[in-house]
Amino acid sequence: QVQLQQSGPGLVKPSQTLSLTCAISGDSVSDNTAAWNWVRQSPSRGLEWLGRTYYRSKWKTDYAASVNSRIIINADASKNQFSLQLNSVTPEDTAVYYCARDPVWAHSALDVWGQGTMVTVSS
Amino acid sequence: QSALIQPASASGSPGQSITISCSGTNSDVGDSNSVSWYQVNPGKAPKLMIFNVINRPSGVSNRFAGSKSGNTASLIISSLQSEDEAEYYCCSFTSRSTLIFGGGTKLTVL
């Protein structure tokens, strides 16, 4: 059974960097059988896909245009986890952040989700 | 890229069927069989209900079905039950190798 466990701070100051980690159990971040995504949810914007990382002979990333200039998603195969960094945050980045798996067989559908982390951007 | 377009709300009585639409463009829904649907309940992570337009993951009731015509995908829920009351989001793979969600539809079971 695949499980995703999120960790990271729930409060970030404006202009600083939001950093979250997603630890994977029951699957491998470096197998070429899935992609590893970050999604956020806010009352004003609903669900918003932020980006993903995946290994296909080499590491690749795809990012949403709305955050492309501020986001980095990395994988750490030695720890079997992946992370989100969102730079220069503003109060508009306040949301519940989720990590999620996108297995190859589901063709970009997200079948396993982390528990969610409420992140508030405030001074 | 703007979100896929869904009605903000939908409602139906127990036992009825309802359809939630999801309108996109030739660069996402119209160009992809990778359309999925999620059920979101307050305080819980989204749950995958439909993938690849028409497929149900193991454990999802067969009262949930998906379809697509042109640039519009649909989620059909038959024999509505009170437990179906939730928010529903569609999602599509895009020609830019990204994912895009709809704005969400709040379903009320009367």
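Here's a quick rundown of the structure.

**Things to note about the environment of R56(B)**
Residues and elements named next belong to chain B.
Inference 1: In this structure, R56 sits in the loop between β4 (47-50) and β5 (64-69).
Inference 2: Residues R56 and S9, spaced 47 residues apart in sequence, show a C-alpha to C-alpha distance of 23 Å.
Inference 3: The residues touching R56, leaving out its near neighbours within four places in the chain, are M49, I50, F51, S61, N62 and F64.
Inference 4: A polar contact is formed between the side chain of R56 and the backbone oxygen of F64, at a distance of 3.3 Å.

**A short note on unusual backbone geometry**
Inference 1: Positive phi values are uncommon outside glycine, yet S88(A) reaches one of about 50°.
Inference 2: Residue placement: S88(A) occurs in the loop between β8 (81-86) and β9 (95-103).
Inference 3: Residues other than glycine seldom take positive phi values, yet S79(B) does so here, at roughly 45°.
Inference 4: With respect to the helices and strands, the residue S79(B) is situated in the loop between β6 (72-77) and β7 (86-93).

**Points about the sheet that holds β6(B)**
All names here are of chain B.
Inference 1: As summarised here, the arrangement of the 3 strands in space is β2-β6-β5, forming an open sheet in which the pairing is antiparallel. Looking at the sheet topology across the chains shown, the edges are occupied by β2 (18-23) and β5. When the angles between neighbouring strand axes are averaged without regard to direction, this sheet yields 20°.

**A closer look at the interface of chain B and chain A**
Inference 1: Chain B puts 17 residues into the contact, and the matching count from chain A is 20 residues.
Inference 2: Taken over both partners, the interface formed by chain B and chain A buries close to 1,600 Å², and the fraction arising from carbon and sulfur atoms is 65%.
Inference 3: Contact with chain A buries surface across chain B, with P46(B), L99(B) and F101(B) losing the most and accounting together for 33% of the total.
Inference 4: Going through the elements one at a time, β3 (35-40), β7 and β8 (99-101) of chain B are the ones with two or more residues in the side of chain B that touches chain A.
Inference 5: When residues in the side of chain B that touches chain A are grouped by element, the largest group, 3 residues, is from β3(B).
Inference 6: Tallied by class, residues from the side of chain B that touches chain A come to 10 nonpolar, 6 polar and 1 charged.

Basis of the calculations
Residues numbered from 1 in each chain as written. Chains lettered and ligands numbered in written order. Predicted model: local features only at pLDDT ≥ 70, side-chain atom pairs only at ≥ 80, totals over all residues. Heavy atoms only, no water. Helix = DSSP H or I, 4+ residues; strand = E, 2+ residues; numbered from the N terminus. Contact = heavy atoms within 4.5 Å. Polar contact = N/O pair within 3.5 Å; in protein donor to acceptor, adjacent residues only side chain to side chain. Pairing = 2+ DSSP bridges. Axes fitted to C-alpha atoms, helices over the stretch in contact; angles between N-to-C directions. Buried area = accessible area lost by both parts, 1.4 Å probe. Nonpolar A, V, L, I, M, F, W, Y, C, P; charged D, E, K, R; others polar.

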